[in-house]
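Fold and contact review
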Amino acid sequence: LPVTLSRESYLWQQPAVLLVGEWKNTSALPWLAGRVTLLRDGQRLARYHRGDSIKQGEQVKMSFGDDPRLQIEVVREPSQQGEVGLISKENTLSALKNITLTSHYDKAVTVNLLDRLPVAGNEDITVTAKGKAADARDVDDVKGLQRWQFTLPAGGEESFVLTLRQFLTDTAIRYCDV
């Protein structure tokens, strides 16, 4: 069974880089529901009961745990409120994330970092992001989900800062969380 492996980190969850496998059921029949055992490098990671069958042609994506040779550190600075503008002032709420990705591989590896940016459901709120531009926005048609892709050299490190700023009206400032 051919499996495509990738390394992904979901920054809104725990700071870790996961080894992710993706494959397609190319058999002539669906795979029936039942007991599933996940192995990584010959070691059992998990055993669970899958309640749904995997249909013919269905694409499956699954995590195989943390990649011990990749480390990520996310330092969130405290949110700050402020004002911008000389004549017409707007309230702002800003948040800063310092992100450092370190590889302990002896070869270059590609890592996808995904993060959810706040999405304004109120027309009085505008959200902007500064720093390294995302390689893809609204990933998998999820509004606010952004992806950055890095190719780290052997033993390399990559750092960047992501700044989120929300522009708010006086009534909207009570309902925001960055």
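Everything below is about the structure printed above this text.
Per chain, the residues get numbers from 1 upward, laid out in the order the sequence is written. For this predicted model, a pLDDT threshold of at least 70 governs which residues receive local features, and a threshold of 80 or more governs which side-chain atom pairs are given and counted, while totals over whole chains, interfaces and linings are taken from all residues. Hydrogens and water are ignored here; the side-chain numbers use all heavy atoms of the structure.

**Describing the environment of Arg-165**
Helix and strand definitions here come from DSSP, where helices need a minimum of 4 consecutive H or I residues and strands a minimum of 2 consecutive E residues; each element is numbered from the N-terminal end. Tracing the sequence through the fold places Arg-165 in strand β12 (residues 157–168). Considered as a pair, Arg-165 and Thr-92 are 73 residues apart in the sequence and their alpha carbons are 6.5 Å apart.

**Some details on the nonpolar core**
Among the buried residues, those of types Ala, Val, Leu, Ile, Met, Phe, Trp, Tyr and Cys that are joined through side-chain atoms within 4.5 Å form a nonpolar core. For the exposure calls, accessible area comes from a 1.4 Å probe over protein chains only, and a residue counts as buried if that area is under 20% of its type's maximum, exposed if over 50%, partly exposed in between. Ile-72, Leu-101, Val-111 and Leu-113 are the most contacted members of the largest nonpolar core, which has 19 residues in total. If you list the elements that add at least two residues to this core, you get β6 (70–76), β8 (90–103), β9 (109–116), β11 (145–152) and β12. Contacts of Ile-72, omitting those with residues within four sequence positions, involve Ser-9, Leu-11, Pro-15, Ala-16, Val-17, Ile-99, Thr-100, Leu-101 and Leu-113. Of all hydrophobic cores here, the second largest spans 7 residues; its members include Tyr-10, Val-20, Leu-114 and Leu-145. Residue contacts follow a heavy-atom distance rule, with two residues in contact if any of their heavy atoms lie within 4.5 Å.

**Details of the side chain of Glu-8**
Mapped onto the elements, Glu-8 comes out in strand β1 (residues 4–10). By the criterion applied in these results, polar contacts are pairs of N or O atoms within 3.5 Å in which, for protein atoms, one can donate a hydrogen and the other can accept it, and in which residues neighboring in sequence qualify only through two side-chain atoms. At 2.3 Å, the side chain of Glu-8 and the side chain of Tyr-10 are in polar contact. For Glu-8, the side chain forms a polar contact with the side chain of Lys-61, separated by 3.2 Å. For Glu-8, the contacting residues outside a window of four places in its chain are Ala-16, Val-17, Leu-18, Val-20, Lys-61, Asn-112 and Leu-114.

**Considerations on the pairing of β1**
When you tally the buried positions in β1, you get 5 out of 7 residues, the bulk of the element. Relative to β9, β1 runs parallel, the two sharing 3 bridges. Residue pairing for β9: Ser-9 is matched across the bridge by Leu-113. At least two bridges found by DSSP between two strands is the condition for calling them paired.

**A closer look at the side chain of Gln-146**
Mapped onto the elements of the fold, Gln-146 is located in strand β11. Assessed through its relative accessible area of 7%, Gln-146 is described here as buried. Setting aside residues no more than four positions away along its own chain, Gln-146 makes contact with Leu-113, Leu-114, Asp-115, Leu-117, Ala-134, Ala-136, Arg-137 and Val-139.

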